[in-house]
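# A closer look at the structure
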Amino acid sequence: MSNPGLSLEWLKERTMLGTLSDRILEAIASKLQPESIAANRRVILEQTLPNALYVLVRGRLERYRTSPNSLALASSLLPGSVLHLTEILLEQPVQDTIVTLTDCEFWVLPKAELMAIAQQFPEMMQSVSRQLAEDVVELSAQLAFEQERQAILRPYLLTKAKRGIVGTSRYAVRLRQQIKEAARDRKPVLIFGEPGLEKDNIATLIHFGSPSRREPMIQVNCNTLQVSGAELFGRMGGKPGLLEALGMGTILLNNIHELDPALLPQITVLLEQNTFIPVRRNEGPKESQAVDPKSSQARVILVAEKTIPGLENLMGHTIKVPPLRVRKPDLKAQVTYYLSLMAQRKGEPKRTLTPEALRRLQAYSYPGNLAELQSLMSRAIAQAPEQCALTDELFWPAEAKKQQFRLNLLNTYPKLRQFLRSDWWPTRINYGFTLGVFALVVFLLFWGPQDRQHNVALNLFWAWWWPLVLIGFPFVGRLWCAVCPFMIYGEAMQWLSLKVFPRTLQRWPRDTADRWGGWFLLGLFTLIFLWEELWNLENTAYLSSWLLLLITAGAVICSQIFERRFWCRYLCPIGGMNGLFAKLSMTELRAQQGTCSAECTTYQCYKGGPVKGEGQETLGCPLYSHPAQLVDNRDCVLCMTCLKACPHRSVELNLRPPGIELWTTHQPRSHEVALLLLLLGGIFLHRLPEIEGKLGLDFHLTQFWPHAGVSVAVLAIAALIPLFGQGFLNLLSPGKHRPFLELAYGYLPLVLCGTLAHYLRLGLNEAGQVLPVTLATFGLGDRGVNLPVLIAHPAVTAFLQGTVLVMGTALTGLLIQKIGRQPITKLWPHQFTALGLLVLLWQVIV
């Protein structure tokens, strides 16, 4: 060596070799050779035999084990450290991997020369043995401390970050930058934001992205801390606290806004001075328990839902986490990530999301943020059939809707709940009554007399069914669909065909059906109107029978191809009308969203399933609607399958303000508005002779093609009247009102009441003749039997028709105001349009 004297002096004062005799130390010093190793290089790998003795002269090393049995995964080595002396002399592999953190200079003694010196000086082994024994004692003490440290930290330990920051929006980019900046140093950090934003995960990203990532990280919930703070600070003369056991690690104080105010001064001192005072014991005077503050090397990260006055000025970094509602550009990436994560957990192919479902998710505000989004995704996957795309109807928010002005009839009338959960509703009614009666009606229409005065089936269809079902819409919505014979035969034929030809029915083509199903049934309804007018269906029995059979055929055919009631939900023209008018109903079937979100895991009301608790075995909702996801009455036929299946009593049958959904949760659809306008035209079409008489014109209604042309014109012209009102509104205040697609629903009461006013003539004049018509149907009308006949006076009929029309107009004016959310002075063109329609309908009906 260039300066053996200086080397000998340095070895004696700065290294563990100073315990050796001068003769041994001189022999070692004479053989040492200098060697330099650059930063970030490995000196030796654990579990390998060393080939030389190393003495660190300058620089810094890190020692660690890749398979640790303790929390102390790594430690630093400073100049003066002697490496591999004991391992070489005892012929043992090293226990740790050693790497250079900086450029390092060593004095190196090859293994062969060290062994030669050991043979020359036998006392060297004795000295090393003594040192080894002392090291064992020290190691035992360290091991005991480490075991105690592990026991203290283990319940609070965080081992890794859950995930990174997903997305590419400016909010996501900024959040990543703030995390990187906070990871570069050990200054305190405050992370705050709304609930459900995974703020604790951001804290772990900071720790595990920092140079101290090999140190432990713990999380402490501030709302569970003792008022004394003994868990954090320890007790004087007793068990050490978390801060002392943590060492150079990171402590995450979660929900710091819920910290007891008595602990705030100690936390402030910890942040300002990096010191703390252990909690005094209760015994003895406080003077005898005086203790100096202890120093803390731990890094502190605070997580809160809001900034904390008095603490925010002590922070080295403050990170405000943006809520999910302002990060909508990241929503698709976040959903894709959750889908991948859940597919990996379940070991199944990754699900896809329909565009409609993504739009529905993007339209929601997410008060629960990422936690709520993940819950929505989990619930949707649990509901959806395997290997099927996730559709929009599977996503419904976990937050409860406002339940103002609602009365749950099932709780108010327990007998009603009992009946609706029984086999009577609607199974026994459908298969014990409706199935046979419908067959009889069809038979009588085909082979009985062909006019209403002599065919009871025709009388029941036009004079009874139409007025009653129209009167029922404001009260019970789509209740008729629960006992509709069309779908009863569809389900019966589906069951029979599956018995004869076992197969798997196709899943619904939801995207196509949502896009085109409404327009298909609109076309069918248009053809029905023209057929009814041109061929006089009201008074032609066999044609009325064909109408019923054709609609039944549609239900049967769809039931042979698709599962459940595809025809009812998307294609049935009567179902489309029923769903439209059901929006005005004063009753609704819904579910308690909080209960469904928190307690339900099987979704038997939607998917079907076996008996579970109070829940009965069912095949699931026939329309694939979840009651907690319903926002209007369109897709509920009140079959009560969900009520029977639910084991949590979540389903409600509510009494509510009529039509409240139209100005609250309603989602307008263009094909529904088109159907509404068609139904408006249908009222005038039914009164074509009266229009001809009022105008003093000859429409040549006895000739087919002129009759057909006039019919189409009447349907079109009547439908244009509300559009003219919208045109005036656009001229007066362009862009300052809601679109026609929303305002058009305001005409629903007038269309319903106008249709009812038309059929009141049949109901009040012919429904009361059902008994003599029944005898006439079977050829007994000439037997001289005098049966009671009830016929309303023409003045009574006119009065009721007029009353219904006035009521419908008034409700239309009110509903337009509610939907438009503007005063009458802003929406007067539509109000005048409604009054104009009242005048026209009065002229042709009353």
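Structural notes, computed from the coordinates. This structure is a prediction, so every number in the text was calculated from the model and none was measured.

## A short note on helix α7 (residues 199-208)
For α7, a buried count of seven out of 10 residues is recorded, marking the element as mostly surrounded by other parts of the structure. Turning to α7, its buried residues are Lys199, Asn201, Ile202, Ala203, Thr204, Ile206 and His207.

## Regarding the sheet that holds strand β1 (residues 33-37)
In spatial order, the strands read β1-β8-β3-β6; together these four strands make up an open sheet with antiparallel pairing. Strands at the two margins of the open sheet, each flanked by one partner only, are β1 and β6 (82-83). Here two bridges tie strand β3 (residues 52-58) to β6, and the two strands are oriented antiparallel to one another. Bridged to Val55 within β6 is Val82. The strands touched by helix α4 (residues 111-120) within the sheet are β3 and β8 (104-110), with β8 carrying the most contacts at an inclination of about 55°.

## Considering the sheet that holds strand β2 (residues 42-44)
Here four strands make up an open sheet; going across it, the order is β2-β7-β4-β5 and the pairing antiparallel. Both outer strands of the open sheet, β2 and β5 (74-77), are each paired with one neighbouring strand and no more. Across this sheet, the average inter-strand angle for adjacent strands is 30°, counted without regard to direction. Two elements, β2 and strand β7 (residues 97-100), share two bridges in a ladder whose sense is antiparallel.

## Side note on the packing of aromatic side chains
In this structure the tally under the stated criterion is 28 aromatic pairs. A ring pair is formed by Tyr54 and Phe106, whose centres lie 5.5 Å apart and whose planes are at 80°; its orientation type is edge-to-face. Here Tyr54, found in strand β3, pairs with Phe106, found in strand β8; they are 52 residues apart in sequence, far enough to count as distant. What links up through ring pairs into an aromatic cluster is the set Phe461, Trp462, Trp465, Trp466, Trp480 and Tyr759. The ring centre of Tyr64 lies 4.8 Å from the NZ or CZ of Arg214, which sits over that ring. Residue placement shows Arg428 over the ring face of Trp424; its charged tip is 5.1 Å from the ring centre.

## What to know about unusual backbone geometry
In this structure, the amide linkage connecting Trp425 to the following residue, Pro426, adopts the cis form with an omega of -15°. Mapped onto the elements of the fold, Pro426 is located in helix α16 (residues 424-447). A positive phi angle is found at Asn274, which is not glycine, with a value near 55°. On the accessibility criterion, Asn274 (40% relative accessible area) is partly exposed.

Rules used in this analysis
- Residues numbered from 1 in each chain as written.
- Predicted model: local features only at pLDDT ≥ 70, side-chain atom pairs only at ≥ 80, totals over all residues.
- Heavy atoms only, no water.
- Buried < 20%, exposed > 50% of the residue type's maximum accessible area, 1.4 Å probe, protein only.
- Helix = DSSP H or I, 4+ residues; strand = E, 2+ residues; numbered from the N terminus.
- Pairing = 2+ DSSP bridges.
- Contact = heavy atoms within 4.5 Å.
- Axes fitted to C-alpha atoms, helices over the stretch in contact; angles between N-to-C directions.
- Phe/Tyr/Trp six-rings, centres within 6.5 Å; stacked < 30°, edge-to-face > 60°.
- Lys NZ or Arg CZ within 6 Å of the ring centre and 35° of its normal.

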